[in-house]
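Descriptive structure summary
Take a look at the letters that make up each chain.
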Amino acid sequence: MASVSSARESLSHALNNRFLPNLEYLLQGSILDSAVEHLMHRLKGLCDNVDTSPETFHDLEVCMSLRQPNSNQPLLLRVRRALGRDAPFQMRYLGNPEVDQRRPTLVRSCMDCACTNGILEFLTEMGFRLEFEYIAKGYMFRKGRMKITVSKLIKIVPGKQQDMANEPISQSYIVELSVVAPTGQENVGEEMRVFAEQLKPLVQLEKIDYKRLGGMP
Amino acid sequence: MGVTVLQPYPLPEGKSGAHIIDQLGKRLLALGATHSGQFLVDCETFISTPQPHNGAPGRAVHVLHNSEYPASTFSIIDNGTGKQVSLVADNIFDLLMLKMTNTFTSKKQTKIESRGARFEYGDFVIKLGSVTMMEHFKGILIEIEYKSCVILAYCWEMIREVLQGFLGIGVAKEFPSYFATQTIMTAMGQQQLHAKHNDIYEPMDTVKQYLEQFTNYRKHVALHGGMVSGGGQGGPTVGQPGVHIPPSSMVGMGRP
């Protein structure tokens with residue numbers, strides 16, 4: 001009888017055969033509060049999941065960092081928790097963006113991992129420290145395999161994650177268009193560029209050069 | 001999912017592991033159990049590289065997989081001061097661990113696994129596992145699950161009876177040591193007795209029992225190595241108190 005393969009074997013099988021989604025393609029932009037209604041209408045017209053009202057989300061994102069020996073850059077892991085509902089915590093690793101200028105979108109390695117709620121304590125025991133945290137609240141749309149989020153970023157008063165007193169960071173919404181796909185799917189970027197064109201001139205979705213933003217992680 | 005109990009099976013002297021497993025398998029089939037595939041539980045331990053500058057003690061992250069839950073990775077961190085935190089995550093967690101190789105290095109030589117045949121017998125699932133570390137045979141672990149109940153206290157007697165029935169050895173009446181009453185600290189910092197056998201059973205409990213046993217096998221190797229000159233007398237008590245294991249049968253178990 002065929003013996004069971006180990007988890008490590010099936011994982012490398014998924015990686016080698018390119019069906020493990022591990023690359024994030026990303027375009028970002030922003031829109032003023034006063035104009036966000038127009039964008040919502042446009043997205044409702046373009047996207048798939050609009051039979052009812054757009055899907056909302058209200059997440060707390062905590063970024064944890066681990067200082068590594070022999071490396072200047074700390075390892076960052078982002079843990080997301082839904083504030084409004086009971087759902088598994090989501091942990092995400094994001095790599096450095098690729099330097100290829102010809103690609104229409106930002107491309108970086110990405111790993112998503114659902115976990116039980118002990119994750120923050122687990123990471124703390126591993127030596128991770130809190131880097132920053134914020135709340136993202138907004139709407140999520142889908143178009144094929146593309147995900148579009150329109151969200152408000154909210155600053156947290158330390159120790160008051162649930163509090164209504166927390167204030168928005170700015171007078172605008174951040175708009176993100178992303179796809180997480182396996183390695184080697186070059187047409188994703190083009191598909192996204194075409195979609196981004198359709199949102200102009202309401203919002204200008206761009207490939208953001210993180211290096212130019214300076215000390216940002 | 002139900003309650004699972006893990007028991008080490010003492011290896012009689014002069015018998016090979018494969019022979020015993022074969023015998024137990026035949027006995028199960030004769031009882032009316034049906035063979036239903038294979039199973040695998042593996043464990044890899046990552047040790048943090050010491051950080052003398054901030055005085056942090058060495059931490060160990062144990063990463064385990066159980067073929068019964070193929071989409072999950074189980075991990076338990078031991079912070080060196082006796083505190084343990086456990087986590088269940090998607091398989092991708094394995095790749096994340098590889099991102100931390102600068103801080104957490106895998107102790108490859110202690111990679112250990114239990115694999116073997118899986119049997120179903122009414123509401124029971126029985127797994128006959130042979131434990132190997134670095135391809136060396138270490139011993140036999142019997143896993144028995146009673147699928148219709150999630151609290152050990154309610155079904156231990158029945159599990160025990162089935163175990164005795166096909167193992168042909170006596171199993172102590174007391175709850176297995178993993179489920180024994182233990183003192184815990186409450187959130188208020190008070191000590192409290194906690195009866196684990198009354199808890200609702202979770203898949204993590206199975207994994208923790210495996211880790212407990214795997215740790216024993218690993219320790220045994222370390223101790224055994226140092227005892228060769230002493231004639232191998234009086235090996236450490238490896239098994240749970242629930243099973244009567246003559247110490248003599250444990251010594252030399254690790255040698256092929």
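Since the model is a prediction, treat every value here as computed from it, not as a measurement. (Residues numbered from 1 in each chain as written. Chains lettered and ligands numbered in written order. Predicted model: local features only at pLDDT ≥ 70, side-chain atom pairs only at ≥ 80, totals over all residues.)

1. Some words on the overall build of chain B
Using the following cut-off: Each helix is a run of DSSP H or I of at least 4 residues and each strand a run of E of at least 2, with the numbering of both proceeding from the N terminus. Neighbour density around each residue's C-beta defines its exposure: 20 or more other C-beta atoms within 10 Å make it buried, 12 or fewer make it exposed, and counts between make it partly exposed, where C-beta atoms are placed from the backbone. Contact definition: two residues whose C-beta atoms, as placed from backbone geometry, lie within 7 Å.
Scanning chain B from N- to C-terminus turns up five helices and eleven strands. A burial count over chain B gives 38% of its 256 residues as buried. Look at the contacts in chain B between residues 6 or more apart in sequence, and 59% of them connect residues 24 or more apart.

2. Side note on the overall build of chain A
Inclusion rule: Using C-alpha atoms as the atom set, the radius of gyration is obtained and then compared with a globule rule of 2.2 Å times the number of residues to the power 0.38.
Scanning chain A from terminus to terminus reveals four helices and eight strands. Moving toward the C terminus, one meets the helices and strands of chain A in the order α-β-α-β-β-β-β-α-β-β-β-α. Taking 2.2 N^0.38 as the reference for a compact globule, 217 residues should give roughly 17 Å; the C-alpha atoms of chain A span a radius of gyration of 19 Å, in line with that estimate. In terms of principal-axis extent, the alpha carbons of chain A reach across some 55 × 45 × 40 Å. The buried share of chain A, reckoned over its 217 residues, is 23%. Of the contacts formed within chain A by residues at least 6 apart in sequence, a portion of 64% connects residues at least 24 apart.

3. Digging into the nonpolar core
Cut-off, in case you're wondering: Any set of buried Ala, Val, Leu, Ile, Met, Phe, Trp, Tyr and Cys residues joined through C-beta atoms within 7 Å is what this text calls a nonpolar core.
By size, the foremost hydrophobic cluster in this structure holds 68 residues, and its most contacted members are Cys115 and Ile119 of chain A together with Leu64, Ile144 and Tyr210 of chain B. Not counting the four nearest positions on each side in its chain, Leu64 of chain B is found in contact with Val41, Asp42, Cys43, Phe74, Val207, Tyr210 and Leu211 of chain B. Of all hydrophobic cores here, the second largest spans 24 residues; its members include Leu106, Val150, Ala196 and Leu199 of chain A.

4. Some thoughts on the pairing of strand S8 (residues 124–133) of chain B
Residue and element names in this part refer to chain B. As a reminder, the rule being used: When DSSP locates at least two bridges between a pair of strands, those strands are taken to pair.
For S8, the buried fraction is high: eight of the ten residues fall into the buried class. As paired strands, strand S7 (residues 112–121) and S8 are joined by ten bridges and run antiparallel to one another. Paired with Glu113 across the strands is Thr132, a residue of S8. Counting the residues that bridge the hairpin from S7 to S8 gives two residues, and of these Gly122 lies at a positive phi of roughly 60 degrees. Between S8 and strand S9 (residues 136–146), which pair antiparallel in sequence order, lie two residues; one of them, Met134, sits at a positive phi of approximately 50 degrees.

5. Here we look at the interface of chain A and chain B
Rules: Any residue that is not Ala, Val, Leu, Ile, Met, Phe, Trp, Tyr, Cys, Pro, Asp, Glu, Lys or Arg is counted as polar, Gly included; the first ten are nonpolar and the last four charged.
Between chain A and chain B, the residue contacts involve 27 residues of the former and 31 residues of the latter. Going through the elements one at a time, helix H1 (7–16), strand S5 (106–115) and helix H3 (119–126) of chain A are the ones with two or more residues in the side of chain A that touches chain B. A breakdown of the residues in the side of chain A that touches chain B according to their chemical character gives 15 nonpolar, eight polar and four charged.

6. Side note on the environment of Ile174 of chain A
All names here are of chain A. Within the fold, Ile174 resides in strand S8 (residues 172–181). For Ile174, a count of 18 C-beta atoms within 10 Å puts it in the partly exposed group. Taking C-alpha positions, Ile174 is 5.8 Å from Val150, a pair spaced 24 residues apart along the chain. Contact partners of Ile174, with chain neighbours within four places excluded, come to Gln28, Ser30, Ser151 and Leu153.

7. Here we look at unusual backbone geometry
Most peptide bonds adopt trans geometry, and most residues besides glycine take a negative phi value. Residue and element names in this part refer to chain A. In the segment running from Lys200 into Pro201, the intervening peptide bond is cis, with an omega of 0 degrees. Structurally, Pro201 can be placed in the segment after helix H4 (187–199). A positive phi angle, near 55 degrees, is found at Arg18, a position not held by glycine. Looking at the secondary structure, you find Arg18 in the loop between H1 and strand S1 (23–32).

8. A closer look at the pairing of S7 of chain B
Residue and element names in this part refer to chain B. Most of S7 sits inside the fold, with seven of its ten residues counted as buried. In this structure, strand S2 (residues 34–48) lies alongside S7, joined through eight bridges in antiparallel fashion. When the sheet's bridge partners are listed, Cys43 is paired in S7 with Ile112.

9. Side note on the environment of Glu157 of chain B
Residue and element names in this part refer to chain B. Relative to the helices and strands, Glu157 resides in helix H3 (residues 152–167). Classification of Glu157 by C-beta neighbours within 10 Å gives exposed; the count is 10. Between the alpha carbons of Glu157 and Lys173 there is a distance of 7.8 Å; along the sequence they are 16 residues apart.

10. Things to note about H3 of chain B
Helical periodicity: at 3.6 residues per turn, an α-helix aligns residues three or four positions apart in one direction. Residue and element names in this part refer to chain B. Put simply, the test is: The quantity called bend is, for any residue, the angle between two axes fitted respectively to the seven residues ending at it and the seven beginning at it.
Bending of H3 peaks at approximately 25 degrees at the position of Met158. Burial in H3 covers these residues: Leu152, Trp156, Ile159, Arg160, Val162, Leu163 and Phe166. On its buried face, H3 sits against strand S1 (3–9), helix H1 (17–31), S8 and S9. Just downstream of H3 lies Gly168, where phi reads positive at about 75 degrees.

11. Some thoughts on the confidence of the model for chain B
Residues and elements named next belong to chain B. Worth spelling out the cut-off: Confidence of the predictor in every single residue is expressed as pLDDT, which spans 0 to 100.
Mean pLDDT for chain B: 84, with 83% of residues reaching 70 or above. For residues 226–256, every residue scores under 50 in pLDDT, and the model assigns this stretch 51 contacts once sequence neighbours within four places are set aside. Among the prediction metrics, the complex's ipTM stands at 0.87, with pTM recorded as 0.85.

12. A short note on the confidence of the model for chain A
Looking at chain A, pLDDT values average 88 and 94% of them are 70 or higher. At the level of individual helices and strands, chain A shows its lowest average pLDDT in H1 of chain A, which scores 83, and its highest in S8 of chain A, which scores 96.

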